[in-house]
Amino acid sequence: MSVNTKNKKIVLRFRSVNKDIFDAINHDKKKVETRAATKKYSSIVPGDIVVLICGSKKIEKQIKKVELFPSITSILKRYKPSDINPNTHTEQEARLAWYSFPGYKEKIKKYGLIAMTLSSVK
């Protein structure tokens, strides 16, 4: 495992329709952020900083832990749907939420999911 000597900053954008999720992260109600595990996210390591942007609002969180999952089924064995999205309570609701993002059904099938546990920046 390589040592991360300089924390990277990664920008994560939220659509205005997902402002509630952005706000939940901002108020520490949501501590796990997921994305399709595409190449863009493959180099993220604990200690990196994520810059979360929704409209004109911006917050920074530090990545505490990074986990890769091959499928929705596998990530939901580790996390409850509400850990990932406070508005979802069942596997079906979680699937629909992920699939609401453009191209995500195909991206998840091809790359899996990355789960990032977030904490306040130190």
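The structure displayed is predicted, hence computed values, not measured ones.

## Description of the overall build of the chain
Of the regular secondary structure elements, the chain holds five helices and five strands. In terms of overall size, the chain behaves like a compact globule, its C-alpha atoms giving a radius of gyration of 14 Å where 122 residues would be expected to give roughly 14 Å. In the chain, which comprises 122 residues, the share counted as buried stands at 46%. Counted over contacts in the chain with a minimum sequence separation of 6, partners at least 24 positions apart contribute 67%.

## Describing the sheet that holds strand S4 (residues 57-69)
Pairing in this open sheet of five strands is mixed, and the strands run S1-S3-S4-S5-S2 from one edge to the other. The open sheet has two edge strands with one neighbour each: strand S1 (9-14) and strand S2 (32-36). Strand after strand, the sheet turns through a mean of 40° between neighbouring axes, direction not considered. Sheet topology note: the S4/strand S5 (residues 113-120) ladder contains eight bridges and is antiparallel. For valine 66, the partnering residue across the bridge sits in S5 and is methionine 116.

## Focus: helix H1 (residues 19-26)
Among all positions in H1, only Ile21, Phe22, Asp23, Ala24 and Ile25 are buried. Contacts made by the buried residues of H1 are with S1, S2, strand S3 (49-54), S4 and S5. Once H1 ends, the next one or two residues include aspartate 28, with phi positive near 60°.

## A closer look at the side chain of glutamate 33
Relative to the elements of secondary structure, glutamate 33 occurs in strand S2. Glutamate 33 gets classed as buried once you look at its relative accessible area, which sits at 5%. Separated by 3.3 Å, the side chains of glutamate 33 and lysine 30 make a polar contact. Every residue in contact with glutamate 33, bar those within four places of it in the chain, is listed here: Leu12, Phe14, Ile21, Ile25, Ile114, Ala115, Met116 and Leu118.

Each value, and the rule that gives it
- Residues numbered from 1 in each chain as written.
- Predicted model: local features only at pLDDT ≥ 70, side-chain atom pairs only at ≥ 80, totals over all residues.
- Heavy atoms only, no water.
- Helix = DSSP H or I, 4+ residues; strand = E, 2+ residues; numbered from the N terminus.
- Rg over C-alpha atoms; globule rule 2.2 N^0.38 Å.
- Buried < 20%, exposed > 50% of the residue type's maximum accessible area, 1.4 Å probe, protein only.
- Contact = heavy atoms within 4.5 Å.
- Pairing = 2+ DSSP bridges.
- Axes fitted to C-alpha atoms, helices over the stretch in contact; angles between N-to-C directions.
- Polar contact = N/O pair within 3.5 Å; in protein donor to acceptor, adjacent residues only side chain to side chain.

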